[in-house]
Amino acid sequence: MKNIVVIGSGTMGNGIAHVFAQHGFSVNLVDISQDSLNKALATISKNLDRQVSKGLPEEVKLATLANIKTFTNISDAVSDADLVVEAATENIDTKLKIFANLCEISPAKTILASNTSSISITKIGSVTKRADKVIGMHFMNPVPVMKLVEIIRGYATSDETTNAIMELSKQLEKVPTEVNDYPGFISNRILLPMINEAIYALYEGVAGVEEIDTVMKLGMAHPMGPLQLADFIGLDVCLSILNVLHDGFGNPKYAPCPLLVNMVTAGYKGVKSGEGFYQWGHGSKELIVANRFSKKQPFATV
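Residues numbered from 1 in each chain as written. Predicted model: local features only at pLDDT ≥ 70, side-chain atom pairs only at ≥ 80, totals over all residues. Heavy atoms only, no water.

### With respect to the UniProt feature "domain: 3-hydroxyacyl-CoA dehydrogenase C-terminal" (unreviewed entry) in the protein
The feature "domain: 3-hydroxyacyl-CoA dehydrogenase C-terminal" (unreviewed entry), as given by UniProt, occupies residues 184–280 in the numbering adopted here. With 62% helix and 3% strand, residues 184–280 has end C-alpha atoms that lie 28 Å from one another. (UniProt positions renumbered as here; feature names shortened; annotations may be inferred. Helix = DSSP H or I, 4+ residues; strand = E, 2+ residues; numbered from the N terminus.)

In structure tokens form, the structure reads like this:
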């Protein structure tokens with residue numbers, strides 16, 4: 001596999017394109033907006049500059065950028081694809097539409113992968129005529145830094161497809177870990193209930209934002225606390241994944257905290273909106289201060 005297509009040029013999409021291109025693959029990066037693609041290339045260049053400052057040869061940076069082409073027409077982008085990695089918004093209807101279309105316009109040889117963090121690979125595969133070639137390839141953020149790739153095997157995914165993607169991930173100097181297709185897979189089935197419980201602790205007035213995060217950082221050796229991590233993930237994304245877990249298992253323990261629901265409804269989505277459990281510098285990941293939700297005052301009577 002040498003010809004890679006990445007659909008979606010946001011945070012995950014541009015990171016995935018970056019990693020493939022840096023390892024010598026030809027990458028077609030697709031988005032509906034050329035402006036979004038231009039911003040993605042600027043982000044990749046900036047991240048490569050950071051790597052250069054830490055010792056990456058300048059010629060590797062230039063070769064990486066040269067390996068990436070941008071497209072707003074998906075049909076043109078996938079005409080000779082060996083692998084398509086979908087990194088569009090975490091919405092099941094959007095993903096099903098993309099994959100049904102990919103089945104029609106991509107070569108029969110093409111493996112179709114999704115970077116979804118929670119949506120069923122079996123469901124995605126069911127709208128194609130090649131469910132054996134549909135697989136989950138869940139990268140972690142930030143993609144150029146994080147080593148894990150969670151490989152999700154749908155009910156119909158073949159051994160051949162799974163083995164090919166496991167080996168491909170190793171070529172990217174990642175650590176692929178195979179899991180089966182159940183809501184949230186492993187990463188988010190464990191992570192999101194922890195984040196949700198932290199939000200409940202805030203909601204019930206057990207402690208403030210900074211106190212909760214400090215306990216988990218200093219007491220459990222987490223690199224950042226669960227509420228700060230939620231802001232980085234996006235509170236809307238956290239809510240979406242919890243809803244997938246709740247709907248998929250029908251277990252009330254996965255029900256999203258009402259405070260999270262209210263925050264997302266009000267537009268407090270974390271870093272992307274400038275405010276979540278913390279306030280963030282405009283258009284940046286610079287932490288300003290814990291916001292008004294840090295007060296040790298319960299939101300609910302328990």
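### Some details on the packing of helix α8 (residues 187–203) against helix α10 (residues 226–233)
Geometry of a packed helix pair, given as the angle between the helix axes and the separation of the axes. At their nearest, the axes of α8 and α10 sit 9 Å apart, and the two run at 115 degrees to each other. Viewed along their axes, α8 and α10 form a crossing whose handedness is left-handed. Contacts from L191, M194, I195, A198, I199 and L202 in α8 reach P226, L227, L229, A230 and I233 in α10. Partitioned by chemical class, the residues of the contact of α8 with α10 number eleven nonpolar, no polar and no charged. (Axes fitted to C-alpha atoms, helices over the stretch in contact; angles between N-to-C directions. Left-handed = near helix turned anticlockwise from the far one by under 90°. Contact = heavy atoms within 4.5 Å. Nonpolar A, V, L, I, M, F, W, Y, C, P; charged D, E, K, R; others polar.)

### Overview of helix α9 (residues 209–220)
Taking 1.5 Å per residue, twelve residues should reach 16 Å; α9 reaches 16 Å between its end C-alpha atoms and fits that length. Of the residues making up α9, those classed as buried are V209, I212, D213 and M216. The buried residues of α9 occupy an angular sector of 95 degrees when projected down its axis, which confines them to one face. Residues of α9 that are exposed and angled more than 90 degrees away from the buried face: L218 and G219. Directly after α9, the chain includes A221, whose backbone phi takes a positive value near 60 degrees. (Expected span 1.5 Å × (residues − 1). Buried < 20%, exposed > 50% of the residue type's maximum accessible area, 1.4 Å probe, protein only. Arc of directions from axis to C-beta.)

### Concerning the side chain of S117
Topologically, S117 is positioned in the loop between β5 (111–114) and α6 (121–126). Ignoring anything within four residues of it in the chain, the contact list for S117 reads E90, H138, G184, F185, N188 and I241.

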